[in-house]
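Remarks on the overall topology
Next come the chains, spelled out residue by residue.
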2 protein chains.
Amino acid sequence: ADAAAARAARDRQASLTKPPGSLGRLEDLAVFMAGWQGVERPQIGKAQALVFAGNHGVCAQGVNPFPQEVTAQMVANFEAGGAAINQLCRVSGAELSVVALDLERPTADITEAPAMTGEETLAEMRRGAGAVSAGAQVVILGEMGIGNSTIAAALSCASFGGAPEDWIGRGTGSDEAGLARKADAVRRACARHAGAQGLDILAALGGREQAAICGAVLEARARRIPVILDGFICTAATAPLYVADPRLLDHCLVGHVSREPGHARLLAALDKTPVLALDMALGEGSGAALALGVLRAALECHNGMATFAQAGVAGG
Amino acid sequence: ADAAAARAARDRQASLTKPPGSLGRLEDLAVFMAGWQGVERPQIGKAQALVFAGNHGVCAQGVNPFPQEVTAQMVANFEAGGAAINQLCRVSGAELSVVALDLERPTADITEAPAMTGEETLAEMRRGAGAVSAGAQVVILGEMGIGNSTIAAALSCASFGGAPEDWIGRGTGSDEAGLARKADAVRRACARHAGAQGLDILAALGGREQAAICGAVLEARARRIPVILDGFICTAATAPLYVADPRLLDHCLVGHVSREPGHARLLAALDKTPVLALDMALGEGSGAALALGVLRAALECHNGMATFAQAGVAGG
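What you see is a predicted model, and the numbers here were worked out from it, not measured in a lab. (Residues numbered from 1 in each chain as written. Chains lettered and ligands numbered in written order. Predicted model: local features only at pLDDT ≥ 70, side-chain atom pairs only at ≥ 80, totals over all residues. Heavy atoms only, no water.)

A few points about the overall build of chain A
Secondary structure assignment for chain A yields 15 helices and five strands. Taking 2.2 N^0.38 as the reference for a compact globule, 316 residues should give roughly 20 Å; the C-alpha atoms of chain A span a radius of gyration of 20 Å, in line with that estimate. The principal-axis extent of the C-alpha atoms belonging to chain A is close to 70 × 40 × 35 Å. Residue burial in chain A is summarised as follows: out of 316 residues, 61% are buried. Split by element, the accessible area of chain A, about 10500 Å² in all, is 51% carbon and sulfur. Separation between the mean location of the 26 positive side-chain charges and that of the 32 negative ones in chain A comes to 5 Å. (Helix = DSSP H or I, 4+ residues; strand = E, 2+ residues; numbered from the N terminus. Rg over C-alpha atoms; globule rule 2.2 N^0.38 Å. Buried < 20%, exposed > 50% of the residue type's maximum accessible area, 1.4 Å probe, protein only. Areas by Shrake-Rupley, 256 points an atom, 1.4 Å probe, with all protein chains shown as cover. Lys, Arg positive; Asp, Glu negative; His and termini not counted. Charge placed at Lys NZ, Arg CZ, Asp CG, Glu CD.)

Comments concerning the packing of helix α1 (residues 3–15) of chain A against helix α14 (residues 286–304) of chain A
Residue and element names in this part refer to chain A. Two elements in contact, α1 and α14, have axes separated by 9 Å at closest approach and are oriented at 75°. As the angle between them shows, α1 and α14 are arranged roughly perpendicular. Across the interface between the two elements, A9, R12 and Q13 from α1 touch H302, N303 and G304 from α14. Class assignment for the residues of the contact of α1 with α14 results in one nonpolar, four polar and one charged. (Axes fitted to C-alpha atoms, helices over the stretch in contact; angles between N-to-C directions. Parallel < 35°, antiparallel > 145°, perpendicular 65-115°, else oblique. Contact = heavy atoms within 4.5 Å. Nonpolar A, V, L, I, M, F, W, Y, C, P; charged D, E, K, R; others polar.)

A closer look at α14 of chain A
Under the 1.5 Å per step criterion, the end-to-end length of α14 of chain A is 27 Å for 19 residues, consistent within 8% with the ideal 27 Å. Burial analysis of α14 of chain A places 14 of its 19 residues in the buried class, the great majority of the element. (Expected span 1.5 Å × (residues − 1).)

Quick word on the sheet that holds strand β4 (residues 227–229) of chain A
Adjacent strands of a sheet form backbone hydrogen bonds with each other and so pair up, either parallel or antiparallel. All names here are of chain A. Read across the open sheet, the five strands follow the order β2-β1-β3-β4-β5; overall the sheet is parallel. Strands with a single pairing partner mark the edges of an open sheet, and in this sheet they are β2 (95–100) and β5 (252–254). Sheet twist, expressed as the mean angle between neighbouring strand axes with direction ignored, is 25°. Two strands pair when backbone bridges link them, and strand β1 (residues 47–53) and strand β3 (residues 138–144) are joined in this way by seven bridges, in the parallel orientation. Bridging from a neighbouring strand, A53 pairs with M144 of β3. Running over the sheet, helix α5 (residues 118–131) touches β1 and β2 and is turned about 155° from β1. (Pairing = 2+ DSSP bridges.)

Thoughts on the relation of the copies chain A and chain B
The transform that puts chain A on chain B rotates by 180° and translates by 0.0 Å along the axis, for an RMSD of 0.0 Å. Expressed as a symmetry operation, the mapping of one chain copy onto the other fits a two-fold axis. (Least-squares fit on C-alpha atoms with pLDDT ≥ 70 in both.)

Comments concerning the interface of chain A and chain B
Chain A puts 48 residues into the contact, and the matching count from chain B is 48 residues. Here chain A packs against chain B, burying approximately 3500 Å² in sum over the two surfaces, 69% of which is carbon and sulfur. If you look at where chain A meets chain B, you find two salt bridges. Ionic pairing is found between E300 of chain A and R90 of chain B, a salt bridge with its closest N-O pair at 2.6 Å. Summed over the shared surface of chain A and chain B, the number is 17 residue pairs in polar contact (both at pLDDT 80 or more). Among the elements of the structure, α2 (25–37), α3 (69–80), α4 (84–92) and α14 of chain A are those that each provide at least two residues to the side of chain A that touches chain B. Examining the composition of the side of chain A that touches chain B, we find that six residues originate from one element, α14 of chain A, more than from any other. In the side of chain A that touches chain B, the residues fall into 28 nonpolar, 13 polar and seven charged. (Buried area = accessible area lost by both parts, 1.4 Å probe. Salt bridge = Lys/Arg side-chain N within 4 Å of Asp/Glu carboxyl O. Polar contact = N/O pair within 3.5 Å; in protein donor to acceptor, adjacent residues only side chain to side chain.)

Notes on the domain arrangement of chain A
Residue and element names in this part refer to chain A. Considered domain by domain, chain A is made up of domain 1 (3–42 + 301–311) and domain 2 (47–292). The C-alpha-based centres of domain 1 and domain 2 are spaced at 32 Å. With eight residues of domain 1 at the contact, the number on the domain 2 side is eleven residues. For the pairing of domain 1 and domain 2, the buried interface totals around 870 Å² over both sides, and the portion due to carbon and sulfur atoms is 67%. For the domain 1 face of the interface with domain 2, the top three residues by lost area are R25, F32 and W36, together amounting to 70%. On inspection of domain 1 and its partner domain 2, the count reaches zero salt bridges. At the boundary of domain 1 with domain 2, the tally comes to four residue pairs in polar contact (both at pLDDT 80 or more). (Domains from an automatic or database assignment.)

The structure is reproduced here in structure tokens:
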């Protein structure tokens, strides 16, 4: 990020007609955007939302009450405009693209084998990178994939340790027996792939949409485009990048903290403060799209407010 | 609120293409709006933002580092479009009206006398009520008034007990000595008016903008228009209504929890869960305007999403 632009934005905030710091997180968001865009007054013209969808062999372990066909059905729903993310992108002014990643070809069951080969992982990362529009001023990332809250728990557990139970939750609606199956699957998968480091964690325990999210995050980093990650599953996808080098996520905000219990722990491990906390647990990029609305509001204040000098208000 | 409409809205939420409850607070907000509008699919056509401004005799106690002239200067800034609330209302689609309440005539110093007579209090309540537009589907309330975080602390302390220190904070920028003066002023004011009950608390320890907020809240209640309260000062203005009858605030959401430390305690006393927590402490209705964006998003999901049956998604 551009330290001079960020400093200029911080100075501008101090000159605006409000008590210093009184816009709280909105001020930080404006300064963050200034740093990444390299200008004192950042703008969001085009906001791009990318939702990656994949299927997972770990569903053979009974970790999700829904059939894997729901992934493709929800992709069709995204394309028809009927899902939550469609409404939320319309409200927040984001252009939505949905990328279905070989849904008919689930990854391998992580309790028995690596989810993907290294080649496959890189290919999905390239697809994710290729989906990022060079003209976007911000990229929102989301995911869809039946069974992928188990993948998120496995990635988190392998990246940051702890017990499987620390990272699992009800996902799309597991009962107690389903929770026990999720914990058992995560335990066996992490034991099987215990030696994996950094991006090998992604191949061993991830999935296609997780790899695509990592590719998109890295592409955005190279282009200095800020990213808004969504909830537990989207954030967990980036954990291997953080393990490789925490600075790889410097350009990423986290849109909200999910109701899924592993997310708060994960955010602490990643040293990220979510923008929103609305007790949501949907995925699709829904929390990130809502946070885009706050980010837009932050920039409207930053760019549109009068300074003390302009307004003739005492105290500047 | 209309229980049948709320129930129909809750049923609709259960039919939409998402795991049950996964939109969290957004679902509750849609059901809340359905109840107050009396329809399964509530809409926000016109959103009205009202900012009431007043001046306070308690400034004689040195409770605020800014001169009282800043209240009028900020009103001029609102009218010129240069304040945070102007930008936030534009983003969230609210029509802003600013009502300056006899700024040249501050209330009495609450450490020495009742802030207002009963007559004056009722007159300001009527002005607040009269400002509510009958055509609004939601009303956002905010305030401006140098010294009014001390008023908010006094209203909260008189309504819910505790020590003055539990309710005071830095407001627009008090230093340690300023904080001590605030606590002392609140202690003396509450002692002087210790016998006050319900709406007498408002006359004794409130101010013009606090009375106007109460009037607007009651008018909106009579018209079944949901209200979004802002931060500490706006919420504290309604504490006397809650003391009189908690149901008087049933139609009120609280937009955000302020950084001002008394606000979280006040929200607990009022049994209100804020929509946002963005470390803000500005007032003006800023947190309420941001919450309107979340409320609009909630209704877009509620009204625009496909049902399981419509989308052909399994699991409904």
